[in-house]
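Survey of secondary and tertiary structure
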Amino acid sequence: MGVFDRLPPMDHLRSEKMCFVQLIFPAESARLAVTYLGEVGLIQFKDLNEDKSPFQRIFVNQVKRCAEMSRKLKFFSDQINKAGVKSSVRPALQPEIDLEELEAKLGEHEHELLEMNSNSGILQQTYNELFEFKLVLSKAGSILAASHNHAAPVDRELDEHIYDKEVDGGNGYLLEQGIDQGASESGVRFVSGIILKSKALAFERMLFRSTRGNMLFNQAPAGEPVTDPISGEEVEKTVFVVFFSGEQTRAIILRICATHGASCYPVPEEMVKQRQIFREVSSRLSDLEVTLDAGIQHRNKALESVGSQLWRWIIMVKKEKAVYDTLNMLNFDVTKKCLVGEGWCPIFAKSQIEDVLQRATLHSNSQVGIIFHEMDTIESPPTYFRTDKFTNAYQEIVDAYGVGRYEEINPAVYSVITFPFLFAVMFGDWGHGICLLIGALFLILREKKLSSQKLDSFTEMAFGGRYVILLMALFSIYCGLIYNEFFSVPFHIFGKSAYACRENSCSDAHTAGLIKVRDPYPFGVDPSWRGSRSELPFLNSLKMKMSILMGVCQMNLGILLSYFDAKFHKNALDIRYQFIPQMIFLNSLFGYLALLILVKWCTGSKADLYHVMIYMFLDPAGDLGENQLFWGQKELQMLLLLLALVAVPWMLFPKPFILKKLHKEGFGNCEEGHNQTLAG
């Protein structure tokens, strides 16, 4: 271990050193100071009001106001998305407003939108009802006309005589007066309306059973999708006309219509009145269309004006809510004039935080400065890694699996190379890599513009990992050249193939008859392997064995880093009972397998490595035969197997050894000391 002792301390790879600080804010400068500290983002406050509920805290009313404004902004966003209004990419510059002005403005916009939605909903429902009425007039009129054509001549003359007395050709307000359902002197009545197509069959059956067959049901498809006045959805409907006799039957039919969701509309039996009502309904529909279009345009303009500033307002409200949430973590002092806060900050940021606090005191016109000083504590500090736009994505990937302990080696430093390279090993194709490279360069070149816009979830994820995609593309191109794959097609990029047909008359120069005629292909896989009979075994073996080698190297790197962590924290027990047995166990088995792969590649042996590893456990002293790759292989296998068997209990059951060690060193309560050591 003397070599490791002479290495640098790796401070630049560890989390930043933290200190516990206390801040005392005068009441008049507390909000502005927390706002400035939030913009810097280098301090983590401790909640001093853990015993209080959110409704018992100091600034609960301000948090409620921010939550209400967030609700209104969410309502505006939903309305904009529902209407399909596109806000400008670069919103118009408007003067800055404070929270009170923004709250009043949001209330006005919400009231205006709600009123427009209510009026539009009423008009739309009226339009849908009139449209249904128009369809019923058209289809039911055809049904009634067909029934008149089949009626007796005497009946038709009687009907015409009666209706001629009732017709008022100059009456243009039949809808306002209302029209009774059709009836005749013979006592035959009818009810007309419209119903969902899916319910028409059940509706007819219920009518037949309820009236005991004393009715005649006629129906006709509406012919086009109809917007339901109640649900507002486009559905297929059917127009119906039910002929019956008797007032009791009429009441039964109307109740059945109500239970099945059918809409009944009055249709006169006379053709003259039908035409007059049809013209009146059509005229009203035209007027409503004009009114609805004007209302939609006015509403879209209002949404456009809101959408141009919506993102800026959302950011403002989120910041204000975060500020008041942080202020709720502070506590009043004894005099009730100052707020006291405690938290953690990196040591390197102390001077920057002091400058920010001085600026907050100056801008708030406070007569008393903000007190900032360091305190002693026995609590464990949080982990903080400094990142930039290049390393931030890698840090987020690592943090998704777990955040390291305080001053632990940061795995994200190594994942900058290992993550994109392992991706390229799996997707090694330089055509695929070029596509990724173009996408990454587009995101990087438009970095300033995209960072100032609101992006959808997928684009935001791709933009955040633009440098990850860049390295994945470069490594994918490199591995694709090694695999000699351009969208799974090989190319002779680095010269001619080392193999050629044995004879000029060879008819199948890709699968048989190839011999080696020149030096090996200078870089990557020879293109002649593509299409050969041994392509799949060769390439699968190459990629699998290469993956094993890289996996063993990565596992050794991880275990080696655990040694540096244990050495940094002066934890000798982790070195003795974790690092050493893990290194022995890993390299006794998988390290030995990696050695066999390298020897087989170098010697060109045809040994079966599966057989070697299996019989290393089943028959350690057996004869290797043709699977022997080097002299002394059997003795080495027996030694490695013995080391692996010793490392397992050494690694899995270190507790007796640790207790014995602690007892010798005089720790007193050995069990408690052991638990403290493991917790550390």
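Residues numbered from 1 in each chain as written. Predicted model: local features only at pLDDT ≥ 70, side-chain atom pairs only at ≥ 80, totals over all residues. Heavy atoms only, no water.

**Some thoughts on the overall build of the protein chain**
When its secondary structure is counted, the protein chain shows 22 helices and 13 strands. Buried positions account for 38% of the 680 residues belonging to the protein chain. Look at the contacts in the protein chain between residues 6 or more apart in sequence, and 76% of them connect residues 24 or more apart. Accessible surface, the protein chain: about 39,800 Å² in total, of which carbon and sulfur atoms supply 58%. (Helix = DSSP H or I, 4+ residues; strand = E, 2+ residues; numbered from the N terminus. Buried < 20%, exposed > 50% of the residue type's maximum accessible area, 1.4 Å probe, protein only. Contact = heavy atoms within 4.5 Å. Areas by Shrake-Rupley, 256 points an atom, 1.4 Å probe, with all protein chains shown as cover.)

**Observations concerning the sheet that holds strand β4 (residues 216-221)**
Strand order in the open sheet formed by 4 strands is β4-β7-β3-β8, and the pairing between neighbours is antiparallel. Strand pairing shows two members of the sheet lacking a second neighbour, β4 and β8 (263-264), which therefore form its edges. Where strand β3 (residues 188-196) lies against strand β7 (residues 237-245), 9 bridges are found, and the strand directions are antiparallel. Within β7, the residue paired with I195 across the bridge is T238. Sheet strands touched by helix α7 (residues 200-210): β3, β4 and β7. Its angle to β4, the strand with the most contacts, is close to 170 degrees. Its contacts with the sheet place helix α8 (residues 247-259) against β3, β7 and β8, and it is angled at close to 160 degrees to β7. (Pairing = 2+ DSSP bridges. Axes fitted to C-alpha atoms, helices over the stretch in contact; angles between N-to-C directions.)

**What about the environment of G121?**
With respect to the helices, strands and loops of the structure, G121 is situated in helix α4 (residues 99-149). Once the C-alpha coordinates of G121 and P229 are considered, the two residues, 108 residues apart in sequence, prove to be 9.7 Å apart.

**Focus: the state of the cysteines**
Here the structure, examined in full by the defined rule, presents 0 disulfides. Free cysteine C19: the closest other cysteine sulfur is in C345, separated by 3.6 Å. Accessibility expressed as a relative area gives 2% for C19, which makes it buried. (Disulfide = S-S within 2.5 Å.)

**A closer look at helix α12 (residues 412-426)**
Counting along an α-helix, one turn takes 3.6 residues, and residues three or four places apart therefore face a common direction. In this model α12 runs 20 Å from its N-terminal to its C-terminal C-alpha over 15 residues, within 8% of the 21 Å that 1.5 Å per residue would give. Listing the buried residues of α12 in full gives A412, S415, V416, P420, F423, A424 and V425. Those residues of α12 that are buried are in contact with α11 (392-401), α13 (430-445), α16 (466-483) and α17 (535-568). (Expected span 1.5 Å × (residues − 1).)

**Looking at the pairing of β3**
When β3 meets β8, the two strands line up antiparallel, connected through 2 bridges. Opposite I194, over in β8, you have S263 as the bridge partner.

**Quick look at the pairing of β7**
With respect to burial, β7 is a largely interior element, 8 of its 9 residues being buried. Of the strand pairs in this sheet, β4 and β7 are connected by 6 bridges, and their pairing is antiparallel. Across the sheet, Q219 pairs through a bridge with F240, a residue of β7.

**Concerning unusual backbone geometry**
One non-glycine residue, N365, adopts positive backbone phi at about 55 degrees. Tracing the backbone shows N365 in the loop between α10 (350-363) and β11 (371-375). With relative accessibility at 62%, the residue N365 sits in the exposed group. One non-glycine residue, E407, lies in the positive phi region at around 60 degrees. Topologically, E407 is positioned in the loop between α11 and α12. Classification of E407 as buried rests on a relative accessible area of 13%.

**Details of the environment of L593**
With respect to the helices and strands, the residue L593 is situated in helix α18 (residues 572-603). Take L593: its relative accessible area is 15%, and that puts it in the buried class. The spacing of L593 and Y610 is 17 residues in sequence and 9.5 Å in space, taken between C-alpha atoms. Those residues in contact with L593 that sit more than four places away from it in its chain are I548 and M613.

**Quick notes on the side chain of T326**
Looking at where T326 falls in the secondary structure, it is placed in helix α9 (residues 271-327). Judged by relative accessible area, which is 18%, T326 ranks as buried. Among the polar contacts listed, one links the side chain of T326 to the backbone oxygen of A322, at a separation of 2.8 Å. Each residue touching T326, except ones within four places of it in the same chain, is listed here: V34 and F45. (Polar contact = N/O pair within 3.5 Å; in protein donor to acceptor, adjacent residues only side chain to side chain.)

**Thoughts on the confidence of the model for the protein chain**
On average, the protein chain scores 82 in pLDDT, and the residues at 70 or more come to 85%. Across residues 151-181, where pLDDT falls below 50, the model places 43 contacts with residues more than four positions away in sequence or in other chains. Predicted confidence is poor over residues 665-680, with pLDDT under 50, and the contacts of this stretch with residues over four places away or in other chains come to 14 contacts. (pLDDT = per-residue confidence, 0-100.)

**Quick word on the packing of helix α3 (residues 60-83) against α9**
The contact between α3 and α9 brings their axes to 9 Å, and the two run at 150 degrees. Taken together, the axes of α3 and α9 lie roughly antiparallel to each other. Here α3 runs over α9; the crossing is left-handed. Taken together, the residues that form the contact of α3 with α9 break down as 14 nonpolar, 6 polar and 4 charged. (Parallel < 35°, antiparallel > 145°, perpendicular 65-115°, else oblique. Left-handed = near helix turned anticlockwise from the far one by under 90°. Nonpolar A, V, L, I, M, F, W, Y, C, P; charged D, E, K, R; others polar.)

**Points about the side chain of S476**
You can see S476 is positioned in helix α16. One polar contact links the side chain of S476 to the main-chain carbonyl oxygen of F427, over a distance of 2.7 Å. Once residues lying within four places of it in the same chain are set aside, the contact partners of S476 are A424, F427, G428, D429, W430, H432 and G433.

**Here's the deal with the nonpolar core**
The nonpolar side chains of a soluble globular protein tend to be buried, and buried together. The biggest cluster of nonpolar side chains holds 50 residues, and the ones touching the most others in it are L23, F25, L37, L327 and L357. Within the residue set of this core, elements represented by two or more residues are β1 (18-26), α2 (30-40), α3, α4, α9, β10 (338-346) and α10. Top contributing element to this core by residue count: α9, with 11 residues. Ignoring any residue separated from it by four or fewer positions in sequence, one finds L327 in contact with A30, R31, V34, F59 and L339. (Core = buried A, V, L, I, M, F, W, Y, C linked by side-chain atoms within 4.5 Å.)

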